[in-house]
Amino acid sequence: MNPFAQAGTRCALSVNVNKVALLRNTRHLGIPSVLRAAEQCLLAGAQGITVHPRPDARHVRARDVDDLAGFLKDWPQAEFNIEGNPTQNLMDFVRKHRPHQVTFVPDAEDQFTSDHGWTLPQDAARLKPLIREAQDLGVRVSLFMDPDPAAMAAVAELGADRIELYTETFASAYATPGGDAVLAGFKATAEAALKLGLGINAGHDLNRDNLAAFLRAVPGVKEVSIGHALIADALELGYAETVKAYLRAIAAA
Ligand SMILES: CC(=O)[C@@H](O)[C@H](O)COP(=O)(O)O
Ligand SMILES: NCC(=O)COP(=O)(O)O
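A quick note: this is a predicted structure, and the numbers were derived from the prediction, not measured.

Calculation criteria
- Residues numbered from 1 in each chain as written.
- Chains lettered and ligands numbered in written order.
- Predicted model: local features only at pLDDT ≥ 70, side-chain atom pairs only at ≥ 80, totals over all residues.
- Heavy atoms only, no water.
- Near = heavy atom within 4 Å.
- Polar contact = N/O pair within 3.5 Å; in protein donor to acceptor, adjacent residues only side chain to side chain.
- Areas by Shrake-Rupley, 256 points an atom, 1.4 Å probe, with all protein chains shown as cover.
- Nonpolar A, V, L, I, M, F, W, Y, C, P; charged D, E, K, R; others polar.
- Helix = DSSP H or I, 4+ residues; strand = E, 2+ residues; numbered from the N terminus.
- UniProt positions renumbered as here; feature names shortened; annotations may be inferred.
- Contact = heavy atoms within 4.5 Å.
- Phe/Tyr/Trp six-rings, centres within 6.5 Å; stacked < 30°, edge-to-face > 60°.
- Buried < 20%, exposed > 50% of the residue type's maximum accessible area, 1.4 Å probe, protein only.

Structural notes on the site of ligand 1
Thinking step 1. The environment of ligand 1 is made up of Asn16, Asn18, Lys19, His52, Arg54, His59, Glu83, Val105, Thr113, Ser114, Phe144 and His204.
Thinking step 2. Take histidine 59: an N or O atom from its side chain is 2.7 Å from an oxygen atom of ligand 1.
Thinking step 3. Here threonine 113 contributes a side-chain N or O atom positioned 2.5 Å from an oxygen atom of ligand 1.
Thinking step 4. In the complex, the protein chains occlude 91% of the 360 Å² of accessible area that ligand 1 would expose alone.
Thinking step 5. A breakdown of the residues in the shell around ligand 1 according to their chemical character gives two nonpolar, seven polar and three charged.

Following this line, the structure appears as structure tokens:
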């Protein structure tokens, strides 16, 4: 059966392969293979692949992006999502590869990991032309955003197609006494975004334990991009069993 013909799939799973590249880069042997990881995850039913080629090339490198773009031509139903800061190296990849989606993330070049969304309207002026350029290339644009309902109008004003909800605060509060209140903020942000016609993605520190609870509470999530926890799980379970576990969590939501 075509792994993409999963009836009723409402939320796509895009596997972020940053951490495969991180491990690969610790030796000059080319293993673990980023392409093989992508293939195994897609064969198991993942609907997309995400990379975040940071300027310092700590994990995903330009060669990986090139190789994945070529590989994914044989997977027409799989989406390619490239993340990064459009004021740094990201737009070169967008112009070269025209991925299905680009996710603008306001990271500094030396940032440990992504830990905040855009500040609007302050960042709007420099984002607007870059959003337009990507869309003129046929690329869907998603803005990495903190859960803030009041910020959604500014996102819509910019003409972005989607937001990606930065979910670290949800993940760190999950299964704690304050967790429901944090989740309510994500729900309110999603509702505000939907009212404005924005699509909703989500990511960062999602895992197979917290994923279903997030998707049950937050309406309209079209895509979750998951890397760190999923790849960690795959070290124990293998890519196929891991992806199937995440797909079960999505289906259970
Ligand atoms: C934007 C985001 O939350 C993640 O996709 C990001 O790619 C994580 O980057 P690292 O894998 O470098 O921590
Ligand atoms: N956009 C989130 C992503 O691609 C992966 O984040 P994480 O699962 O590695 O935290």
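Comments concerning unusual backbone geometry
Thinking step 1. The amide bond that connects isoleucine 31 to the next residue, proline 32, takes the cis arrangement and shows omega of -5 degrees.
Thinking step 2. Looking at the secondary structure, you find proline 32 in the loop between α1 (18-24) and α2 (34-43).
Thinking step 3. Here leucine 120 and proline 121 are connected by a cis peptide whose omega angle stands at 10 degrees.
Thinking step 4. The residue proline 121 is located in the loop between β4 (101-104) and α5 (124-136) in this model.
Thinking step 5. The backbone of alanine 57 sits at a positive phi, close to 55 degrees, despite the residue not being glycine.
Thinking step 6. Here alanine 57 lies in the loop between β2 (48-51) and α3 (62-72).
Thinking step 7. Notably, alanine 175 is not glycine yet its phi reads approximately 65 degrees, a positive angle.
Thinking step 8. Of note, alanine 175 is situated in the loop between α7 (168-173) and α8 (179-195).

Brief notes about the UniProt feature "site: Transition state stabilizer" (unreviewed entry) in the chain
Thinking step 1. Within this structure's numbering, the places UniProt gives as "site: Transition state stabilizer" (unreviewed entry) are Glu164.
Thinking step 2. As for its placement among the helices and strands, glutamate 164 is situated in strand β6 (residues 162-166).
Thinking step 3. Beyond its immediate stretch of four places on either side in the chain, glutamate 164 contacts Glu83, Thr103, Ser142, Leu143, Phe144, Met145, Asn201, Ala202, Gly203 and Ser225.

A short note on the packing of aromatic side chains
Thinking step 1. With the rule as written, the count across this model stands at six aromatic pairs.
Thinking step 2. Seen in terms of ring centroids, phenylalanine 71 and tryptophan 75 are 6.2 Å apart; in terms of plane orientation they differ by 40 degrees. Their pairing is tilted. Take phenylalanine 71 and tryptophan 75: they sit in the same class, and that class is buried.
Thinking step 3. When the ring of phenylalanine 144 is compared with that of tyrosine 166, the centres are 5.2 Å apart and the planes differ by 50 degrees; the resulting orientation is tilted. Remark: tyrosine 166 occurs in strand β6 and phenylalanine 144 occurs in strand β5 (residues 140-145); sequence separation between them is 22 residues. Assigned by exposure class, phenylalanine 144 and tyrosine 166 land together as buried.

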